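Inside the fold
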Number of protein chains: 2
Amino acid sequence: MSLLALLAAVAASPEPATPPAKALAPAEIVAAAPAAEWVAIAASDLLVMDLAPDNAGHPRRVVIQLLPAPFSQGWIGNIRKLATAHWWDGTSINRAQDNYVVQWGDPDGEDKVKAKALSEGLAVVPQSEYSAKVRTEYPVDAAGMAEEVRFPIVNLPHYQDSYGYSGFTSFGWPVGLTDDTVWPVHCYGTVGVGRNEPPDTGTGAELYAVIGHAPRQLDRNIAVVGRVIEGMEHLSTLPRGTGDLGFYKTAPERTPIRSIRNGTDVPDLPAFEYLGTESASFARYADARANRRDAFYIQPAGGVDICNVPVPIRRRK
Amino acid sequence: MSLLALLAAVAASPEPATPPAKALAPAEIVAAAPAAEWVAIAASDLLVMDLAPDNAGHPRRVVIQLLPAPFSQGWIGNIRKLATAHWWDGTSINRAQDNYVVQWGDPDGEDKVKAKALSEGLAVVPQSEYSAKVRTEYPVDAAGMAEEVRFPIVNLPHYQDSYGYSGFTSFGWPVGLTDDTVWPVHCYGTVGVGRNEPPDTGTGAELYAVIGHAPRQLDRNIAVVGRVIEGMEHLSTLPRGTGDLGFYKTAPERTPIRSIRNGTDVPDLPAFEYLGTESASFARYADARANRRDAFYIQPAGGVDICNVPVPIRRRK
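Quick caveat, the model's predicted, so the values are computed rather than measured. (Residues numbered from 1 in each chain as written. Chains lettered and ligands numbered in written order. Predicted model: local features only at pLDDT ≥ 70, side-chain atom pairs only at ≥ 80, totals over all residues. Heavy atoms only, no water.)

1. Looking at the overall build of chain A
Here is the rule we go by: Helix and strand labels come from DSSP, where a helix needs a run of H or I of at least four residues and a strand needs a run of E of at least two; each type is numbered from the N terminus. Only protein chains enter the accessibility calculation, which uses a 1.4 Å probe; a residue whose area is less than 20% of its type maximum is buried, one above 50% is exposed, and one in between is partly exposed. By definition in these notes, contact holds between two residues if any of their heavy atoms fall within 4.5 Å. Note on areas: Shrake-Rupley, 1.4 Å probe, and residue coverage restricted to the protein chains presented here.
Looking only at helices and strands, one finds five helices and 16 strands in chain A. A burial count over chain A gives 56% of its 317 residues as buried. Sequence-distant contacts in chain A: of pairs separated by 6 or more residues, those separated by 24 or more amount to 72%. Accessible surface for chain A amounts to roughly 13,200 Å². Of this, 55% is attributable to carbon and sulfur atoms.

As structure tokens, then:
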């Protein structure tokens, strides 16, 4: 059975049972999820960016979860090397374009004379790594487990959007998919790798985070490497740049980066966990995002796009 | 022919002709659009909010375009009355929830003793006004002109999204639709009317603007009254509130509103224009948003959601 045929079969399955009289809001479903449904995120999958304190002297820490295999591991290997080398320390946030992205790295990166030398041994990753291949035809078990990719796809109640099919991997990541390809999608908070024109794919030294409506046109055109899981407001509230593409025109406008470290090198880092995307609570949560039945709502939408179902992530309890 | 049948027929039409060798980016298509394709926005359809200057003393003006008929005119009439009465002067921005909304009005609005008295004669608008009715079956001309609603729907190249069908009205507004109903959708920058639990629909005195991924679950559940067309960054960069739902916990955190005025009462207001959604350039722009073929891209998305096709708006040239 092909993946798309499987998805179509799932889509035709009956509606969920009649909701209870007092329907829960998505946040209430998440709050009620039992501890066993939460999955720890390894510190080794975290990247911690400390910006210079704000004008009031408050610290600004941004915590990023890096994508697990099979996605983008070439760039992520580079990013870990750069963090180990403290390469970003003293660089800055150089761009903030409203409803699009905040971008950071070497402000002189495009200047062949002044550019900061990169760490040695960084991989040059091919464009083919923007997505992962799956076999067109393969045996699947009831949960949709594919032999080759080895992760099931969890469907949204209405999983087809303007861009095609989408779903969640068993390890909690939103992806787009066709019959033979799966790729991480660009949602609010997604972190990706800045690059020049193709076939350049970037090294990972130049990174961006999405601060607006999901720019899904970037999917499969640029490497997704992670998502912001704490401190997003330190990026989304940055003053917008007034130069082309939201780049800051002058150096003082840039926000200094004190350090970027691998999570395993940050002693005071709390543990984080996400609500397992194969859990019963996640299914209820996704259904409630698509069909709000709590007291504030009078008209359930009847569908939802994947970037409007953010995977719940919190400090581990 | 039903509206949905019409849409299906349009969707089955052939692909656009082969793109030129050097394809333009959406912004380039917009920049090249002839003057005749741009449509002036009347000053009477504008609402101008002046916030207190920022810490550096820079003015912060937010310009909002109000929705034309047939949508939300009851609330918009109230908003014009409140602006004429200078009702908002001295109120504040009271909420900023990351990836959701910024909200403003009377910070004591929920306090029956301290709440500021509203202007007299405000309409109480029924929930049915969240959308406009169209007839299920009606004669349409080639452009899809409906007898009753009197505006054609312009299709996106892939106009069906997770929430159903969507398109643009002839007057430049993104809408969702079924066979018998059309409603304005919630995208980044959309302005709507805060309210209490249903059947309350709000007066228009409490307003919000979307600062994150499109919260389409609000469609048909709350009144959309406009969109921010200039100064969006003055809202999107506000510090996020740390109380429940992003409300500020203390009064000093709130941003004071100096004034909100109808556009006709603002002498120094520039004129604005939007790229007509029935124009050839808009069709090319929407197609390019769905299928990027400019040099940076290697994989056109093959579709786009309506909130990822923001209607181009600029100061009138």
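Having seen the structure, we can now continue with the description.
2. A closer look at the state of the cysteines
All names here are of chain A. Rule in force here: When two cysteine sulfur atoms lie within 2.5 Å, the pair is treated as a disulfide.
Tallied over the entire structure, the rule returns two disulfides over all chains. One disulfide in the model links Cys-187 with Cys-307; its S-S distance is 2.0 Å. Because the torsion about its S-S bond is -75 degrees, the bridge between Cys-187 and Cys-307 counts as left-handed. With Cys-187 in the loop between strand S10 (181-184) and strand S11 (190-193) and Cys-307 in the loop between helix H5 (280-290) and strand S16 (313-315), this pair connects stretches of sequence that are 120 residues apart. Accessibility classification places Cys-187 together with Cys-307 in one group, the buried group.

3. Quick look at the interface of chain B and chain A
Selection rule: A simple way to read buried area is as the amount of 1.4 Å-probe accessible surface that goes missing from two parts once joined, with both sides added. Counted as salt bridges are all cases of a side-chain nitrogen of Lys or Arg within 4 Å of a carboxyl oxygen of Asp or Glu. As used in this structure description, the phrase polar contact means that two N or O atoms lie within 3.5 Å; if the pair is within protein, one of them must be able to donate a hydrogen and the other to accept it, and residues adjacent in sequence are counted only when both atoms belong to side chains.
In this complex, chain B contributes 47 residues to the contact, which on the side of chain A involves 47 residues. In this assembly, chain B packs against chain A so that about 3,900 Å² is buried in total across both faces, 52% of it on carbon and sulfur atoms. Ranking the residues of chain B by area buried against chain A places Ser-162, His-213 and Phe-296 of chain B at the top, with a combined share of 18%. Seen at the junction of chain B and chain A, the total is zero salt bridges. Taken together, the connections running from chain B to chain A amount to 25 residue pairs in polar contact (both at pLDDT 80 or more). Sorting the residues of the side of chain B that touches chain A by element identifies strand S7 (153-161) and helix H4 (233-236) of chain B as the ones contributing at least two each. With three residues, S7 of chain B is the largest single contributor of residues to the side of chain B that touches chain A.

4. Let's talk about the relation of the copies chain B and chain A
Applied cut-off: Here the copies were fitted onto each other by least squares, based on C-alpha atoms from residues at pLDDT of at least 70 in both.
Of the transformation placing chain B onto chain A, the axial shift is 0.0 Å and the rotation is 180 degrees, giving an RMSD of 0.0 Å. Read as a symmetry element, the transformation amounts to a two-fold axis. A high fraction, 100%, of the interface residues of chain B reappear at the interface in chain A, so the copies pair face to face through one surface.

5. Focus: the packing of aromatic side chains
The relative placement of two aromatic rings is captured by the distance of their centres and the angle of their planes. The cut-off we apply is this: Here a pair means two rings of Phe, Tyr or Trp (six-membered ring of Trp) with centres within 6.5 Å. Their orientation is stacked below 30 degrees between planes, edge-to-face above 60, and tilted elsewhere. Two limits define a charge over a ring: the Lys NZ or Arg CZ must be within 6 Å of the ring centre, and within 35 degrees of the ring normal.
Enumeration over the complete set of coordinates arrives at twelve aromatic pairs over all chains. Members of the aromatic cluster, each reached through a chain of ring pairs, are Phe-168, Phe-282 and Tyr-285 of chain A. Above the face of the Phe-296 of chain B ring, Arg-195 of chain A is positioned so that its terminal group lies 3.8 Å from the ring centre.

6. Quick notes on the pairing of strand S13 (residues 224-230) of chain B
Residue and element names in this part refer to chain B. This is how it is decided: Here, any two strands with at least 2 DSSP bridges between them count as paired.
Within S13, six of the seven residues are buried, which leaves the element mostly enclosed by the surrounding structure. Where strand S3 (residues 60-66) lies against S13, four bridges are found, and the strand directions are antiparallel. Note that in S13 the partner of Gln-65 across the bridge is Arg-227. With three bridges joining them, strand S11 (residues 190-193) and S13 adopt antiparallel strand pairing. The residue of S13 that forms the bridge with Gly-192 is Val-224.

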